[in-house]
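If you want the building blocks of each chain, they are given just below.
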Amino acid sequence: MIQKLEDFLVKYPGRVFFLLIILSLAPFLINLGLLPLFADEPTRANVALEMILSDNYSVPTIGAEYYYNKPPLYNWILAGFYLLTGTYSEFITRLPAIIPMFLFAISIFYAVAYFLKDKRIASLSAILFLVNGRMLIYDSMLGHIDIFYSWLTFCSFMLIFYFLQQKKWFLLFFISYIITALTFLAKGLPSIVFQGLTLIVILFYSKNFKKLFSWQHILSGITCLLIIGAYFYNYYQFNPNLEGYLSTIWDQSSKRTATEFGFVKSLIHVITFPFEHIGHVFPASLLLLFCFHKDFIKGIKQNPFLTFISLVFLANIWVYWLSPLTRPRYLMMLYPLVFILWSHAYYSYREKLPKINTVFNKIILFLALAVSISIPNAFWFDLQEIVPFLGAKIIFLFILSSLISYLIWKLKNSKIIAFIGLLLVIRLAFSWLVLPHRLKHSEDTYYRTAAIEMGTIVGDKPFYFYQYHPEETGIPFHDRLIFYIQQTRMKQVKFTENDAKPGYYFTFDRDLKNPDAILIKSYQNLKLFQIK
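Residues numbered from 1 in each chain as written. Predicted model: local features only at pLDDT ≥ 70, side-chain atom pairs only at ≥ 80, totals over all residues. Heavy atoms only, no water.

### Focus: the packing of aromatic side chains
Under the defined criterion, the tally for this structure stands at 52 aromatic pairs. Their ring planes at 50 degrees and their centres at 6.0 Å tell us that tyrosine 74 and phenylalanine 148 sit as a pair that is tilted. Here tyrosine 74, found in helix α4 (residues 73-85), pairs with phenylalanine 148, found in helix α8 (residues 146-166); they are 74 residues apart in sequence, far enough to count as distant. Given a relative accessible area of 0%, tyrosine 74 falls into the buried group. Between tyrosine 231 and phenylalanine 232, the ring centres sit 5.1 Å apart and the planes meet at 65 degrees, which makes this aromatic pair edge-to-face. This pair shows no difference in class: tyrosine 231 is buried, exactly as phenylalanine 232 is. An aromatic cluster of at least three residues, connected via ring pairs, comprises Tyr66, Tyr68, Trp76, Phe184, Tyr231, Phe232, Tyr235 and Tyr245. Against the face of tyrosine 114 rests lysine 117, its NZ or CZ located 4.3 Å from the ring centre. The ring of tryptophan 409 carries the charged tip of lysine 410 above its face, separated from the ring centre by 5.1 Å. (Phe/Tyr/Trp six-rings, centres within 6.5 Å; stacked < 30°, edge-to-face > 60°. Helix = DSSP H or I, 4+ residues; strand = E, 2+ residues; numbered from the N terminus. Buried < 20%, exposed > 50% of the residue type's maximum accessible area, 1.4 Å probe, protein only. Lys NZ or Arg CZ within 6 Å of the ring centre and 35° of its normal.)

Written out as structure tokens, the structure reads:
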């Protein structure tokens, strides 16, 4: 039985990949909409919702005031999901990020399989995108721009290489610049940086630098600018403050650079950066062990595709390496490039590094056993009232993880595939057990309930957020309140510093100055007032 399974895993890596994709759907989708919106999610949701409420898709707003931080492409997509489904739930808010996550993995598989002609490397590098630590228990639960944006950027990298191999210069420039225009309309200036650095380095290395001055490049660049310009021209019809919009986009891209911080903090970041990100993508980063073979660099240089992705990575990583406020999700389009290199090293050198391979296999077996032993501990947490069929779920997870541990022990050449199955079990356990626990013990649940209640009390009457001046770190919290209020009453909340107008006001940690204000209800540090 074990040998038949081994033969299947070795003989059909492509089928194994798609089987793992299918098996990963439940772990990633179960309880996806359970937690209230957090981090940057409510900002994206607010902009999309207000486009629908105002029937104006040209001008992003929050609280009926202009929102300049990001162009609106992702918000258009999110608004489309809201309109198609007729719901504004957390689950739907996160779908425009989760669907591209699976498309991203599939794109990695097909690109690597085509360029390297090795479905083992394609399958492993693609599935590692889903099960690295950062994606497994954080980014895959958030309705952020970054997965969608990174997927488009990665596709641009692959298309550049495809047309570079064929010397089809016009298509190389034109299609990559079309994608750049789209990614700019999703996130702004980083798209120009990715496109510029990638083209400069790749054309220089391939001895085609003069193509930067070719008509194909110039025409494609102009096309990109025309697409971006068309959006801003349309925007100008509604809000002539283009200078404020563009300066904010510039500030969003430049404020995280090393020039904004002291030398010591910047130096610490430069030193710790690689180790930090090795930790973020663990356990995928265990494959680094196989990069210590003496032929690793030589193997990259001998393969045009591996050389290309290495150059793309080096061309772009330094921007983030020198930026102290870089967040892991900003590097999501670069992570697959190293996953490909690591997967190549694993399959190319594991037989030539028997001691390292033995250590690697013992590590993943130890991790599998540790997970199996840890799962029954869930009985000791306060989960009985919040997790249906708790006992059955824990027993199922324990049996599954134990079976996978056995497979890791018995399989000879496919231990890593079984280990990936274990990582999916970990995500399933996280979705079943950890997310309900977080929901019960998070104050976010309280504020969601309070915001919905305020929206219900006020209904369609005028509603204002009084003295809205949060610090940057407080914006996601305030945006979350606004979203749930607007979602409940399907009318905009407006910011104000004037408390003389009739209507309802909600405040954060303050009272109204108007002596006629009537306190309707208090919610910890939130208050709802009425002025008749």
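### Brief notes about the pairing of strand β6 (residues 518-523)
Where β6 lies against strand β7 (residues 526-531), 5 bridges are found, and the strand directions are antiparallel. If you follow lysine 521 over to β7, its bridge partner there is leucine 528. (Pairing = 2+ DSSP bridges.)

### Side note on the pattern of salt bridges
Under the defined criterion, the tally for this structure stands at 13 salt bridges. Here lysine 294 makes a salt bridge to aspartate 295, at a shortest N to O gap of 3.6 Å. Two residues, lysine 527 and aspartate 511, come together in a salt bridge whose shortest N-O distance is 2.6 Å. Of the two residues, lysine 527 is situated in strand β7 and aspartate 511 in the loop between β5 (503-508) and β6; the sequence distance between them amounts to 16 residues. Where salt bridges share partners, they join Asp40, Asp146, Lys187 and Arg329 into one cluster. (Salt bridge = Lys/Arg side-chain N within 4 Å of Asp/Glu carboxyl O.)

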